[in-house]
Amino acid sequence: MLPTSIISMPAEREAKPSLRRLQVVWIALTLAALALFAADLQISAPSPGAVLKALAMGFARPDFAALENLRQALLLTLTVAFGGVAIGAVAGFAMALLWGWRAVRMLSLSLRSVHELIWALFIMTVTGPEPIAAVLALALSYSGIFAKVFGEILDEADPRPRDALPGRGMTLSGLIYARLVPSLPAFWSYFCYRIECGIRSSAVLGFVGLPTLGFELDTLFKQGRYDGAAAVLLLIYALILSQSLWLRRRLVPLYVLGALAYLASLSQGPVSAAGLWQLIGVDMVPAPLRGADPGAAGTWRAFGDWLWRLVSHEVLPGAWATVLVSYLAFVLCGIIALFAFPLIVPALAGRIGSGFGHVVLVILRSTPEYMLVFVGVQVFGPSMLPAVLALGLHNGAIIAHLIGREATRIVPGLRPDRPKGAGLYAYELVPRVSSGLIAYLFYRGEIILRESMILGILGIATLGFYVDSAIATLRFDRAAVLVVAMMLLTALVDWGSRALRRRLRVGAASTRPYC
Amino acid sequence: MEFRLNRRQLVGGLAAAAALAPLASRAAEVLRFSAIPDEDATKLMGRFTKVAEYLSDKLGVPVEFVPVKSYPAAVVAFRNDQIQLAWFGGLSGVQARLALPGSVAIAQGEEDARFVSYFIANKATGLTEGPDFPMAAKGRSFTFGAKTSTSGRLMPEYEIRRNTGVAPEEFFSRVGFSGDHTKTVELVQSGAYEIGAVNFTAYDDMVAKGQVDPAEVPVIWRTPAYPDYNFTLRGDADEKFGAGFTERLTTAILGMDDPEILGAFPRSRFIAASNADYQPIEEVARQLDLLD
Amino acid sequence: MIELRGQTLSYGPAVVLENVTLTIRQGERVALLGRSGAGKSTLLAAIREKAMVAGKEVALVPQDNALVPQLSLFHNVHMGRLHRHSALYNLVTLLRPFRRDRAEVSELTRELGLEPPVDQPVERLSGGQRQRTAVARAIHGGGEVLLADEPVSALDEKQAPEVLATLISRFPTSVISLHDVGLAQAYCTRLVGLKDRRIIFDMPAGEQNAADIDHLYAR
């Protein structure tokens, strides 16, 4: 279901990597080595082997009896995914039509730079741990993504038909006939593809207490019932890997309608406007300003103290940990992609080897990264280690898959007397795929950053940890400041990565491949 | 021109959202109640489904137990009237009653009037129980329970600061939050953390049921006593369920004598409680910056 | 009616035509001649700009047809007339065309020799059929001035004159770029030759001699 053309690249993509690029790689590795010292990478669990073994035993004998109780969780995982993504798409579409407005682009960036898990933490405080919270969280986060992609699709639409109309087609009808209609297939294709992502996101939302599959996985793991947990994981794999069988585009509208109807039929505790107002109008107002006299100098001094305390005690340490985790995962991801892509190139790994390589990469890339980190924390104990490993492996596997496919396509076109083995890898393939690799790496970098923020919920001291703590103590004002910090950090990193990409002359990978 | 279309689309989006709004409707007066998830889910379900049956029987009102995944979720559900009654910890009870003025602590376990936390250690540390705060634990790894647990976080942190004069992160090499008491015991038993702070009833219960070997995970210190768990009810319960409901509910709770139900908490019996009983908890929470 | 006076026209950074002075009068049928790259399309774009500023209703047949491939033949033709209907009317038409409109468009496409049914998506049409669709769109839209850029280049010797004649007959004034001098002389009233970034001749049809034409197309 992936769109075929994924990367836009400058003309010199066939050239060998320039010296400058290699220099940057060295600098990146040196920085990573320094970061290793700063990061907390202890294995705090004394016997990770034992947990791994118990988990492996669980996989050897998964307890499918547990699945009996999973029917509801499974149904909700799917309906939440379809409902949330559909609402997000409608809202994103509306924003995309106004993509020319700076305010809309900022709104879209803010919505998508905050992970759906964080949105869920807020929404749950109004709705309770109900499916509607999961639907809205998914819709909020995805509407930002849809707005961006739909906006780009509209921008890329052929301008000529509209321009050829009387008055250059500057009417509503002109927009609909000449711009929207030609973009619909691309919208639809992206929407269907996003559904796949939505299913994973929906499952993961269970980890914060919403009634999807993640909830069951979390509970079973915490009870040490690895056989049951293995069954849930296998179910999630089955769901994700069988998508091509049941997630037919023709059926998607039916699924969406069915999901919305089902969700609407669920009973739900009272959601009052008062509860929402309490959250936004009272709880999220910084404590020193609540009911204070805005004219008094003391009010603003108290607010300044409050803000500074929050920034110095939570925002800065959280941002630093977030940057460390993401950076290390980013470098690891690049290393893994570079060394793992030959696994699926038959000319390098052999036919059987590449089949096996595909299986490894499929498992790594179809497990939601949050679940990988969760399992890692169970095995290694809470430190940055499982976070870096899991994020690096998952994203590295995705890039290795994309690059490996490209390399496989390249091989038959090479000269007949091409080198084999290491020579083929180092001289023919790596130089040819390096631009693509870097482009993908930058794109995954943004996702790594977004994910590493929320890993705080698992006890790793990134920004998400402080958001979780603030919400645990019901201080939504602090949580709101921390969320703004997340948005700013995302924007900052986005800006930096764009500047670096420009200097490296690497094109942007489109935002479309993989969740 | 584009603007006109967008308005229209925005309206479409709002309409879709409005289509979901009927979710907010709800039937009949059911007393929904919940509890902070201080132990793993199976234990909680076992404990509270029986309580729900008992209360429903005594009060003649349908009673439904709503499990939640986190401490703040319980508090917020209470404030938002998604639940009307809750079995809170000391701190979450204070949070709830501050968030919803008028709500009242109506009952506590006999043990809750004089609750303590245990500091437990992995056998490999070689630490043993003593009457004073275990200063020898300095530099080791340590886990609390949930972030807003009274017995797993608030009072242990208070005691650590009082006895060592520094924050937990400075005294210990690493500080974590396990999430609940069961998990704390497991993590210390496995050695993931060398030391942990745990609710004494949860630990004693696990020992009694053979789920943990006290030789492997010995208690090394008991904190001074403090007030903890309580049943808290919304202030508007009488309007909703009929005059005198608060009193009837309190009587029903205090009258629980089925050893099976009491054993599930585990409490020997329930006694009356009042908001004032928890004043010390509120003060400690303010000191530790867990309340504004 | 439309007047360019001493204008320099560029396409991107490259200057295409220098110091162009050209006046199009009501009722004229002007042919723009010249080798490809001589600046015919650029000149047409400049004329369109002027005409629109002057508030004229302009119908366009662009060189690349500029159709919406996903839409049907009918809808592409209807697009010429979008500005004459309300947005609601057009939206309904997008979902289900009105019978009257359909009949009118069918009639027009028949006249232009387009055989496929009007609900055929344009992406399934041949090159010549697409070009006639673009012509039909311009005719259906109507207007005071027709600006057409090689409107019959993809048609055979028999169809080209018929379609060109139909097209020209529907507009009081037209400016058409053509590469076929014979067609230009047969159907236009005035011929303008472009070469070396300027207009090298501008005279009534039939007054050119063979040398003018040879010079126009010489390297």
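Everything quoted here is computed from the prediction, not taken from an experiment.

Rules used throughout
Residues numbered from 1 in each chain as written. Chains lettered and ligands numbered in written order. Predicted model: local features only at pLDDT ≥ 70, side-chain atom pairs only at ≥ 80, totals over all residues. Helix = DSSP H or I, 4+ residues; strand = E, 2+ residues; numbered from the N terminus. Rg over C-alpha atoms; globule rule 2.2 N^0.38 Å. Buried ≥ 20, exposed ≤ 12 C-beta atoms within 10 Å, placed from the backbone. Contact = placed C-beta atoms within 7 Å. Axes fitted to C-alpha atoms, helices over the stretch in contact; angles between N-to-C directions. Parallel < 35°, antiparallel > 145°, perpendicular 65-115°, else oblique. Left-handed = near helix turned anticlockwise from the far one by under 90°. Nonpolar A, V, L, I, M, F, W, Y, C, P; charged D, E, K, R; others polar. Pairing = 2+ DSSP bridges. Domains from an automatic or database assignment. UniProt positions renumbered as here; feature names shortened; annotations may be inferred. Core = buried A, V, L, I, M, F, W, Y, C linked by C-beta atoms within 7 Å. pLDDT = per-residue confidence, 0-100.

**Notes on the overall build of chain A**
- Regarding its fold elements, chain A presents 20 helices and 0 strands.
- Compactness check: chain A gives a C-alpha radius of gyration of 24 Å against a globular reference of 24 Å for 515 residues, within 12% of the reference.
- Expressed as a percentage of its 515 residues, the buried residues of chain A come to 52%.
- Across chain A, every contact between residues at least 6 apart in sequence was considered, and the portion connecting residues at least 24 apart equals 77%.

**Structural notes on the overall build of chain C**
- Counting its secondary structure elements, chain C contains 8 helices and 8 strands.
- Taken over C-alpha atoms, the radius of gyration comes to 18 Å for chain C, in line with the 17 Å a tight globule of 219 residues would show.
- Once the C-alpha set of chain C is aligned to its principal axes, its extents read approximately 55 × 35 × 30 Å.
- When burial is assessed residue by residue, chain C has 43% of its 219 residues classed as buried.

**Some remarks on the packing of helix α6 (residues 131-156) of chain A against helix α8 (residues 172-205) of chain A**
All names here are of chain A.
- Running from N to C, α6 and α8 point in directions that differ by 150°, and their axes come no closer than 10 Å. Looking at the two axes, α6 sits roughly antiparallel to α8. Note on packing geometry: the crossing formed by α6 with α8 is right-handed. Contact with α6, carried on its side by A134, A137, L138, Y142, V149, F150, I153 and L154, involves R179, S183, A186, F187, Y190, R194, G198, S201, S202 and L205 of α8 and no other residues of that element.
- Of the residues belonging to the contact of α6 with α8, the class tally is 12 nonpolar, 4 polar and 2 charged.

**Things to note about the sheet that holds strand β6 (residues 173-177) of chain C**
All names here are of chain C.
- If you walk across this open sheet you meet the 6 strands as β4-β5-β6-β3-β7-β8, and the pairing is mixed. Both outer strands of the open sheet, β4 (58-61) and β8 (198-204), are each paired with one neighbouring strand and no more. Strand after strand, the sheet turns through a mean of 15° between neighbouring axes, direction not considered.
- Strand contacts of helix α1 (residues 40-53): β3 (29-33), β4, β5 (145-149), β6 and β7 (190-195), with the helix running at about 160° to β5, the strand carrying the most contacts.

**Comments concerning the domain arrangement of chain C**
Residue and element names in this part refer to chain C.
- Under the domain assignment, chain C is made up of domain 1 (1-57 + 143-219) and domain 2 (68-141).
- Each partner contributes residues to the interface: domain 1 has 12 residues there, and domain 2 has 11 residues.
- Residue assignment for the side of domain 1 that touches domain 2 shows that the elements contributing at least two residues are β5 and α6 (159-169).
- The dominant element in the side of domain 1 that touches domain 2, judged by the number of residues it contributes, is α6, at 5 residues.
- Its residues assigned to classes, the side of domain 1 that touches domain 2 shows 7 nonpolar, 3 polar and 2 charged.

**A look at the domain arrangement of chain A**
Residue and element names in this part refer to chain A.
- Split by domain assignment, chain A resolves into domain 1 (14-43 + 304-505) and domain 2 (64-271).
- Computed from C-alpha coordinates alone, the two centres of domain 1 and domain 2 are separated by 24 Å.
- Between domain 1 and domain 2, the contact holds 19 residues from the first and 17 residues from the second.
- Sorting the residues of the side of domain 1 that touches domain 2 by element identifies α16 (369-380), α18 (421-454), α19 (463-472) and α20 (476-504) as the ones contributing at least two each.
- When residues of the side of domain 1 that touches domain 2 are assigned to their parent elements, the largest contribution, 5 residues, is made by α20.

**A short note on the interface of chain C and chain A**
- Listed as interface residues are 21 residues of chain C and, on the opposing side, 17 residues of chain A.
- If you list the elements that add at least two residues to the side of chain C that touches chain A, you get β4 and α3 (87-95) of chain C.
- Among the elements that line the side of chain C that touches chain A, the one with the most residues is α3(C), at 4 residues.
- Residues belonging to the side of chain C that touches chain A are distributed by class as follows: 13 nonpolar, 6 polar and 2 charged.

**Quick look at unusual backbone geometry**
- Notably, L474(A) is not glycine yet its phi reads approximately 60°, a positive angle.
- With respect to the element layout, L474(A) can be found in the loop between α19 and α20.
- Despite not being glycine, D196(C) has its phi angle at roughly 50°, a positive value.
- Within the element layout of this structure, D196(C) appears in the loop between β7 and β8.

**Considerations on the sheet that holds strand β4 (residues 104-109) of chain B**
Residues and elements named next belong to chain B.
- Taken in spatial order, the 6 strands of this open sheet run β2-β1-β3-β10-β4-β11, and their pairing is mixed. Because the sheet does not close on itself, it has two edges, and the strands there are β2 (63-65) and β11 (270-272). Between one strand and the next, the sheet's axes are offset by a mean angle of 25°, whatever the strand orientation.
- Relative to β11, β4 runs antiparallel, the two being bridged by 3 bridges.

**Things to note about the environment of F200(B)**
Residue and element names in this part refer to chain B.
- Counting through the fold element by element, F200 comes out in helix α8 (residues 200-208).
- Linking F200 and V219, residues 19 residues apart in sequence, is a C-alpha distance of 9.6 Å.
- With near-sequence residues (within four places) excluded, F200 lies in contact with V116, S117 and Y118.

**What about the UniProt feature "domain: ABC transporter" (unreviewed entry) in chain C?**
- As annotated by UniProt and renumbered to match this structure, "domain: ABC transporter" (unreviewed entry) occupies residues 2-213 of chain C.
- Spanning residues 2-213 of chain C, this segment combines 37% helix with 25% strand, and its end C-alpha atoms are found 26 Å apart.

**Overview of the arrangement of the chains**
- The chain pair with the greatest number of contacts, out of 2 pairs of chains in contact, is formed by chains A and B.
- No part of chain B reaches chain C; the closest C-alpha pair between them is 10 Å apart.

**Side note on the nonpolar core**
- Ranked by internal contacts, the top residues of the largest apolar core, which has 235 residues, are A120(A), A337(A), L482(A) and A74(B).
- Setting aside residues no more than four positions away along its own chain, A337(A) makes contact with G396(A), I399(A), A400(A), I403(A), L437(A) and L441(A).
- If you look at the next biggest cluster of nonpolar residues, it comprises 66 residues, including V20(C), L82(C), L112(C) and L178(C).

**Section: the confidence of the model for chain C**
- This prediction gives chain C a mean pLDDT of 91; 100% of its residues lie at or above 70.
- In the model output, the complex is listed with pTM 0.79 alongside ipTM 0.80.

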